[in-house]
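Observations on the three-dimensional arrangement
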Amino acid sequence: MDKESNKNKGLLEIIKERLGLKSNTKAREIIKSGRVKLDNETVKIPSHQVKKNQKVSIEDGKKKRLKDNSSHNKSHKGFTTLYEDDNYIAFVKPSGLLSVGTLKNKKNEKNFLSFAQRQFKEENGPDADLFIINRLDRLASGVVLFAKSPEAEIAVRKKWDESKKRYYAFVEGVPKKEKGEIQSELKQNRIGRVYSVPKSNYSKLCITNYRVLHQSEKNSLLKIEAVAERKNSIRAHLSENNMPIIGEKDYKGSPSPIHRFGLHLFSLSFYNPYKKE
């Protein structure tokens with residue numbers, strides 16, 4: 001389908017009008033898939049401004065469907081996109097990468113936020129930006145959610161305490177029970193480590209539920225649900241119950257046989273204020 005002339009406006013709006021789409025997300029997917037051409041040149045930036053008299057064409061996606069589906073959740077930078085709508089996007093952070101940069105980081109060490117922002121701008125234009133919602137420790141991997149605007153960030157944080165996080169943990173030892181709950185008041189010391197203490201003004205009640213998925217003579221794979229947490233609460237709870245995470249140096253863990261830290265956030269459920277669900 002071709003059209004010889006368009007008024008100057010964003011490519012995203014043109015594709016939505018041409019195909020009768022109500023969702024920006026679907027239009028972005030079509031553009032990013034490489035199906036849209038301007039004067040026979042492929043354009044993958046939704047915010048690209050179409051000049052007057054430029055010819056816009058959209059290729060049939062059926063021929064690319066198998067290839068597109070096989071790589072649907074892969075970005076060209078290697079990050080996996082787990083979820084995206086008009087206001088939020090979620091990527092998978094790899095182990096060993098800071099979630100965000102720090103003021104103490106004088107060498108401007110690489111961090112996940114900067115990579116994600118750079119990638120997002122390349123795909124959506126220089127004015128696009130991301131605002132990180134949840135963070136993971138450098139060693140942990142898993143789901144990280146971003147808002148696409150400051151307004152979306154503020155909106156989702158209003159009910160963020162209701163979000164649910166589920167992890168896989170590869171630990172030393174074998175639990176006596178197939179499932180259980182670890183509950184204690186945790187306090188953080190000056191060097192950032194947390195440990196169980198009697199309740200005080202400086203402690204926080206943390207609850208960690210676990211279930212054994214697989215076990216050997218020396219190790220176990222656990223499914224973890226953080227019912228109530230603070231930074232490093234899962235690491236502290238497991239260590240104090242003789243189940244330190246593999247690769248854990250600060251909480252009495254042994255070197256990792258899998259050459260990485262054994263904690264991965266595989267599921268993040270949150271209230272979406274724009275979809276009311």
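Just so it is clear, the structure is predicted and the values come from calculations on it, not from any experiment.

1. Digging into the environment of I132
Within the secondary structure layout, I132 lies in strand β9 (residues 131-132). Here the alpha-carbon distance between I132 and P150, two residues 18 residues apart in the chain, equals 10.0 Å. With residues up to four places along the chain from it excluded, the contact list for I132 reads S99, V100, L113, V144, L145, F146, E153 and R157.

2. What to know about the pairing of strand β16 (residues 263-269)
Pairing of strand β10 (residues 141-147) with β16 involves 2 bridges; the strand directions are parallel. Paired with S141 across the two strands is H264, which belongs to β16. When strand β11 (residues 164-172) meets β16, the two strands line up antiparallel, connected through 6 bridges. Directly across from K165, in β16, lies its bridge partner L268.

3. Some thoughts on the nonpolar core
By size, the foremost hydrophobic cluster in this structure holds 43 residues, and its most contacted members are F91, L145, F146, L222, I224, L238 and L263. The greatest single-element share of this core, amounting to 5 residues, is contributed by β10. Apart from the residues lying within four places of it in its own chain, the contact partners of F91 are F79, T80, T81, F112, A116, Q119, L130, G142, V143, V144 and F146. L12, I14, I30 and I31 belong to the second-largest nonpolar core, a separate cluster that totals 13 residues.

4. Structural notes on helix α4 (residues 112-124)
If you check α4, its first and last C-alpha atoms are 18 Å apart, about what 13 residues at 1.5 Å a residue would give, namely 18 Å. For α4, every residue scored as buried is listed here: F112, L113, A116, Q119, F120, E123 and N124. In a view along the axis of α4, the buried residues occupy a sector of 135°, so they form one face of it. The inward-facing, buried residues of α4 abut α2 (24-32), β7 (81-84), β8 (88-93), β9 and β10. Between a side-chain oxygen at the N-terminus of α4 and the backbone nitrogen of L113 the separation is 3.3 Å; the capping residue is N111.

5. Brief notes about the confidence of the model for the protein
Scored by pLDDT, the protein comes out at a mean of 83, with 88% of its residues at no less than 70. Contacts of residues 1-6 to residues separated by more than four positions or lying in other chains number 26 contacts, the stretch itself having pLDDT below 50. Across residues 62-76 the pLDDT falls below 50, and counting only partners more than four positions away or on other chains, this stretch makes 14 contacts in the model.

6. Quick word on the environment of E248
Along the chain, E248 turns up in the loop between α6 (233-240) and β16. Classification of E248 as buried rests on a relative accessible area of 1%. A sequence separation of 109 residues divides E248 from L139, and the C-alpha atoms of the two residues are 9.0 Å apart. Discounting residues that sit within four places of it in the chain, E248 has contacts with R235, G253, S254 and F261.

7. Regarding the packing of helix α1 (residues 11-19) against α2
The relative placement of two packed helices is expressed as an angle between their axes plus a distance between the axes. Contact pair α1 / α2: the axes reach a minimum separation of 9 Å and the direction vectors enclose 105°. One finds that α1 runs roughly perpendicular with respect to α2. Contact with α1, carried on its side by L11, L12, E13, I15, K16 and L19, involves N24, A27, R28, I30 and I31 of α2 and no other residues of that element. For the contact of α1 with α2, the class distribution of residues is 7 nonpolar, 1 polar and 3 charged.

Conventions adopted
- Residues numbered from 1 in each chain as written.
- Predicted model: local features only at pLDDT ≥ 70, side-chain atom pairs only at ≥ 80, totals over all residues.
- Heavy atoms only, no water.
- Helix = DSSP H or I, 4+ residues; strand = E, 2+ residues; numbered from the N terminus.
- Contact = heavy atoms within 4.5 Å.
- Pairing = 2+ DSSP bridges.
- Core = buried A, V, L, I, M, F, W, Y, C linked by side-chain atoms within 4.5 Å.
- Buried < 20%, exposed > 50% of the residue type's maximum accessible area, 1.4 Å probe, protein only.
- Expected span 1.5 Å × (residues − 1).
- Arc of directions from axis to C-beta.
- Polar contact = N/O pair within 3.5 Å; in protein donor to acceptor, adjacent residues only side chain to side chain.
- pLDDT = per-residue confidence, 0-100.
- Axes fitted to C-alpha atoms, helices over the stretch in contact; angles between N-to-C directions.
- Parallel < 35°, antiparallel > 145°, perpendicular 65-115°, else oblique.
- Nonpolar A, V, L, I, M, F, W, Y, C, P; charged D, E, K, R; others polar.

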